[in-house]
Every structure is written in structure tokens, then in C-alpha cells.
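# Remarks on the overall topology
Chain residues, written in single-letter form:
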Amino acid sequence: MIGLISATAAGAAARDRLVAAWPARTRVYDGPLRDAVERAFAECEQLVCFLATGAVVRLVAPLLGDKTSDPGVVCVDEAGRFAVSLVGGHGGGANELAREVGELLGAEPVVTTATDAVGVPGLDTLGLPVEGDVAGVSRALLDGEPVALDAELAWPLPALPVAERGAYAIRVTDRLVEPAERQVVLRPPSLVVGVGASKGAAVDEVLGLVESALRDAGLSVRSVAELATVDAKAEEPGILGAAARLGVPVVTYGAEELAAVDVPNPSNAPLTAVGTPSVAEAAALVGGGELLVPKRKSERADGLPAMATCAVVRRTARGRLAVVGLGPGARDLLTPRAKEELRRASVLVGLDQYVDQIRDLLRPGTRVLESGLGAEEERARTAVAEARRGQAVALIGSGDAGVYAMASPALAEASDDIDVVGVPGVTAALAAGAILGAPLGHDHVSISLSDLHTPWEVIERRVRAAAEADIVVTFYNPRSRGRDWQLPKALAILAGHREPATPVGVVRNASRADESSRITTLAGLDPATVDMMTVVTVGNTATREIAGRMVTPRGYRWQEEPK
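Attention here is on the structure that accompanies the text. (Residues numbered from 1 in each chain as written. Predicted model: local features only at pLDDT ≥ 70, side-chain atom pairs only at ≥ 80, totals over all residues. Heavy atoms only, no water.)

### Considerations on empty space enclosed by the protein
According to the stated counting rule, one finds 1 cavity of 30 Å³ or more in the structure shown. Residue assignment for the lining of the largest cavity shows that the elements contributing at least two residues are β16 (320-325), α12 (336-344) and β19 (392-397). Partitioning the lining of the largest cavity into residue classes produces 4 nonpolar, no polar and 3 charged. (1 Å grid on protein atoms, 1.4 Å probe; cavity = no way out; pocket = protein on both sides within 12 Å on 5 of 7 lines; lining within 4 Å. Points joined across faces, edges and corners; volume = space filled by probe spheres on them. Helix = DSSP H or I, 4+ residues; strand = E, 2+ residues; numbered from the N terminus. Nonpolar A, V, L, I, M, F, W, Y, C, P; charged D, E, K, R; others polar.)

As C-alpha cells, this is what we get:
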């Protein structure tokens, strides 16, 4: 919950805008300021104070305890010009909250955390438990000192400016090790603990078994991702309680699914009780991985039979492939989500000219794999291969990556062993349409005239179908030096179904510095003025040029011409 505190009418107005945008996330605290801040500080994960920075500092200073547990505090000035991350930038999420508040209120987010300022991810913001000399290693990263990355487990981390050797080190491991001097240990959630329990098994017995099994195997409890068991034990208090104390979810599987898992230590007892010869080992292994701790039973001090079993499996990290659409070229048409994915990636794969567009947005240490025109399939294979190595990969394409771009070849290569995220972008057709007016106001279709991958017979059949159906058509890849006859042919097909005066919009380099556009007619368009950087939009029989803009009406009755 985000606590909101204001003292003036202007502050209250800005406060109410946040309430309207985030009704389920916010709570207003009224009354004397000191009392309101104290209550919000005790009850909320974050605070937004519409007060002077000095006033907020004095109000929260006596309340500060530990940066790992204090709420994040953001301060917004009276004029709503700045959203300042004041306390808890990382641990309290104030840096991100300042950005969110800034976006909603039109204020400039002010983030002074050193790592955020220079684009290096904070080691305590990676979503993994972190131990050791966080301050010292972070300072070394900021100062450009060599920091070694010792990744015992591949994990999809964001880019870090690391070296092969260094006086400082980041170690990625699930092993039970103490951080060395000048070292940070990151604990990836790589361990799955399968658990079986008799009805009424105590929380302490289940938890004690899990902790001892991990400790004896030299594994860190902080790398446990989940407790896994059979559906029949989904409500078993001992298992639920142990998971709650560990701070991990309980994942359950059907007995039939577990019975199909090959395990080293099957037993008749669980087969009789819940319908599978293995619970602990099968539940841990159902998603694949390496069995580190075979089934073991709990030991009771009272000498009674064990009521709990567990097994531990290390799962291979799933790499992450983000297929990112960069939009038509203008930086302000690059979506915030796309920017976040670019900054999250440790490996960027893309066409060299597209990489140049966003190189400044990449974090220090990002590995860039770029290639030239015509290497689309190679880039797709490279991106998928890097993701399979456990990396966080961004594969970029212009416009929307799913429209005549990289998503199709990449997903044709990818299997279910990696996570795939699609990030939509503004397409060339949409960018051109906005420049021309509203040519896509009714049904429309995009057709690429490039026959490098699609036979011309297929393309011609699609153009003819669009012509006969009276659909607005946007032509991608309309003409190049080696392909100069396809556009005239396509226009001739459309001319067989539409009047010569049908409006045609021509936009080159939409949204870029050298953008140009014009509206002509089907009869007046000279194909020689079109190239590969151009999008051509041909209207349907209802499309009109109105006040210099190309408009296709939606067909509402009130838009009919008076009779």
C-alpha cells in the first residue's frame, strides 16, 4: 500500500490524481502532518509526500530503522515539477515509484542512487537474495575497478560491467558458502524441494527436515524456489507452514503425473496413500533437473515413525528471450516497456543500424551481437542459442517485432526450454497512418511486396483479394533497385477495382528526422519516387482527402453525406 500525505490544496489535487489512477494501491492519510506520516510509515510499504523535501526529512528521520525494512519515500514539490526518491530507493522501491509518479503527474523523477544514475543495476535490485560486501562491490563497479563474475550457475541476470579477474567479485551460487572479502554472493532460486508428509505432520518436523537436508548437502536455503508435493497434500498444514517460514510457494502436481516420473527410490506406501510410488522425489523432478538429495526421512526425537520426506533437485536456469519492437525510429515512440527490456538484457542481438538507434540505452557490460541486412535467420538462431545458455537476451526489430520482423524466425527456432516475452512496438503502418490522417479508420491490411521469401504468385493473390474486398492496403517493402516492377503491378491490380482518384498516402522514414509525406492518387502515384524506406497506403472506395488529410470513414450513419 502507498500512503499519501499532503498539506495544501495543490498537493491534495496531485494526491487525488494518484488516488484516481491507483485506487487499490493508495491510502490517504489526513490530520496533523506528523501523525499522518507516522501512521503511514508504520502501515504502508511506500509513502508519497506532497511536501517540501526539508519537511519530509524532518518528519521521517526519527522513524528510520533499517534500509531493508523501511518504506520507500517519495517527495513531490508543491508545483508538481519533481518526484524525488528520498528514502529506500532500492529496498523500498522509491526509485521506481518516483518514475511511476513522475509519469502520472508529468513530473521529473529525481533519482540520486549512484548505480541508477550511471546505469549499473544495483546488486540488491536483481530480485535475488544477496550476501556479502554489497557496498564495496557496488562502489568498485561504479569506480570502474575490475569486478570478476564467478557464475557457478548460468542465470538470466541483467548486464553487469564485469571482468574475468578482479580484486572484487560477484559469485552466483546456490551452495552454502560464506562470502569472501570483497565479494558478493547472489542466490538464484535454483533449488526445488519435493516434500511428502503424513496427515498431521508438524511444521517443525517438515521444516527441520528440509533445512537439515539442504545443510548436509552444502546448499543454501535462500536458493529454494518452491516446495513441491502431490495435490492430495495441497492443504497439509505442516507443508504450508514450512513454506511460509521459508517464504516460498507450494506447488502441487496430480498423482498420475508424479507416477510417470522415473525416480530412484519408489515406495509402496505413498502409492497406497495417494496413488503414486513417489511424492518427494517425483515432485522435485517433475520439471527436470539434477537430483542432489535423494529421498530422506525426518528423524523424530520421540522415536516414533517419520512423518515427512524430502528430496532436493537443482533445476537448470531458464534463459529469457525478449523480442522487442523499437517502433518506427523516433525515440519518443519507443515504449517504456521496450526501454526496460533493453536495460534488463545482458545480450543484445540485432541489425547493426537498429542497434545504433538504441545503443545509448544499454547498460554497461551489455554484450552486443550485431549483423547486417539479410542475416535475419542467423540473428534469430543466435538469440535463441544465447537464451538457451541461461542468458537474458533482447532481440530487436523495427516497428513491431512481430510484423515483418524478428519474432517469427525467432519463435520458429525457440522451444519450451526458454521464456519468451514479446514487447509490442508502433508499426510503420501505424506511424504512417498517423502522419497521413486516418487512412486506417476501417478494415485494412498490410502486404509486403518483397518476393525474396514469398513467391510473387502468392503476393499477387493477396493483393487481388484485398482489391476485390475493398480493403485499405498498406504496402511494406514496396520497391528497391532490384525489385522495381512489383509496385506498379500491385497498383494496377487495385486500379481494376478502384477509381483513379482514390487517395494514396506515401510516407518515407516515418517519425525520423528526414521524414517526408504526401497524399496523391492511385492514378497520380509515380512508383519511381518510392523506395524501401517508404510505406504506401492505398485507400478504399470510401477513403477521402479532407483538409489535406487522408480519411477512411468507419461507416457510421452520421458520417453519410446529406441527401
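Next comes the rest of the description.
### Thoughts on helix α8 (residues 237-246)
Where α8 is concerned, the buried positions are Gly-238, Ile-239, Gly-241, Ala-242 and Ala-243. In this structure, the buried residues of α8 make contact with β11 (191-197), α7 (203-216), β12 (224-230) and β13 (250-253). The positive-phi residue at the C-terminal boundary of α8 is Gly-247, with phi of around 75°. (Buried < 20%, exposed > 50% of the residue type's maximum accessible area, 1.4 Å probe, protein only. Contact = heavy atoms within 4.5 Å.)

### Topic: unusual backbone geometry
Of note in this structure, Arg-182 is not a glycine but carries a positive phi near 60°. Tracing the sequence through the fold places Arg-182 in the loop between β9 (168-172) and β10 (183-186). With relative accessibility at 39%, the residue Arg-182 sits in the partly exposed group. Residue Ser-511 is not a glycine yet carries a positive backbone phi of 75°. If you trace the backbone, Ser-511 turns up in the loop between β24 (503-508) and β25 (516-521).

### Focus: the sheet that holds β9
Here 4 strands make up an open sheet; going across it, the order is β7-β10-β9-β8 and the pairing mixed. A strand with exactly one partner marks an edge of an open sheet, and here the two such strands are β7 (130-132) and β8 (147-151). Averaged over all pairs of adjacent strands, the angle between their axes in this sheet comes to 20°, without regard to strand direction. Pairing analysis gives 3 bridges linking β7 to β10, with the strands arranged antiparallel. Bridge pairing links Glu-131 to Val-185 in β10. (Pairing = 2+ DSSP bridges. Axes fitted to C-alpha atoms, helices over the stretch in contact; angles between N-to-C directions.)

### A short note on the side chain of Asn-509
In this fold, Asn-509 is placed in the loop between β24 and β25. Since its relative accessible area comes to 7%, Asn-509 is described here as buried. For Asn-509, the side chain forms a polar contact with the side chain of Asp-514, separated by 2.9 Å. In this structure Asn-509 touches Asp-514, Glu-515 and Met-533, once residues within four positions along its chain are discounted. (Polar contact = N/O pair within 3.5 Å; in protein donor to acceptor, adjacent residues only side chain to side chain.)

### Re the packing of α7 against α8
In the contact formed by α7 and α8, the axes pass within 8 Å of each other and the chain directions differ by 55°. Considering the angle they form, α7 stands oblique to α8. Like other packed secondary-structure pairs, α7 and α8 cross with a definite hand, here right-handed. Of α8, the residues touching α7 (which contributes Val-203, Asp-204, Val-206, Leu-207 and Val-210) are Pro-237, Gly-238, Ile-239, Gly-241, Ala-242, Arg-245 and Leu-246. Across the contact of α7 with α8, the residue classes break down as 8 nonpolar, 2 polar and 2 charged. (Parallel < 35°, antiparallel > 145°, perpendicular 65-115°, else oblique. Left-handed = near helix turned anticlockwise from the far one by under 90°.)

### Things to note about the nonpolar core
With 22 residues, the main nonpolar core has Val-193, Val-195, Val-206, Leu-214, Val-224, Leu-227 and Val-312 as its most contacted residues. Counting residues per element, the ones that place at least two in this core are β11, α7, β12, α8 and β15 (308-314). Grouped together as the second largest cluster of nonpolar side chains are 21 residues, Leu-449, Val-463, Leu-487 and Val-504 included. (Core = buried A, V, L, I, M, F, W, Y, C linked by side-chain atoms within 4.5 Å.)

### Some remarks on the pairing of β11
The buried count for β11 comes to 7 of 7 residues, which makes it a mostly enclosed element. Residue alternation in β11 divides its side chains into two sets, Leu-191, Val-193, Val-195 and Ala-197 and Val-192, Gly-194 and Gly-196, and both sets are buried. Note that β11 and β12 share 4 bridges and pair parallel. Bridge assignment links Gly-194 to a residue of β12, and that residue is Ala-228. As for the winding sense of the linkage, the β-α-β connection from β11 through α7 to β12 is right-handed. Sheet analysis places β11 next to β15, joined by 7 bridges and oriented antiparallel. Within β15, the residue paired with Val-193 across the bridge is Val-312. (Right-handed = clockwise from strand over helix to strand, strands pointing away.)

### Examining the side chain of Thr-534
Mapped onto the elements of the fold, Thr-534 is located in strand β26 (residues 534-538). Here the side chain of Thr-534 touches Asp-531 through a polar contact of 2.8 Å, side chain to side chain. With near-sequence residues (within four places) excluded, Thr-534 lies in contact with Phe-475, Pro-478, Val-506, Val-507 and Arg-508.

### Concerning the pattern of salt bridges
Applying the stated criterion across every chain, the model contains 30 salt bridges. A salt bridge links Arg-171 to Asp-150; the nearest nitrogen and oxygen atoms lie 4.0 Å apart. Here Arg-171, found in strand β9, pairs with Asp-150, found in strand β8; they are 21 residues apart in sequence, far enough to count as distant. Take Arg-171: its relative accessible area is 18%, and that puts it in the buried class. Note that Asp-417 and Arg-388 form a salt bridge whose closest N and O atoms lie 3.2 Å from each other. Of the two residues, Asp-417 sits in the loop between α15 (407-413) and β20 (419-423) while Arg-388 sits in helix α14 (residues 376-388), which places them 29 residues apart along the sequence. (Salt bridge = Lys/Arg side-chain N within 4 Å of Asp/Glu carboxyl O.)

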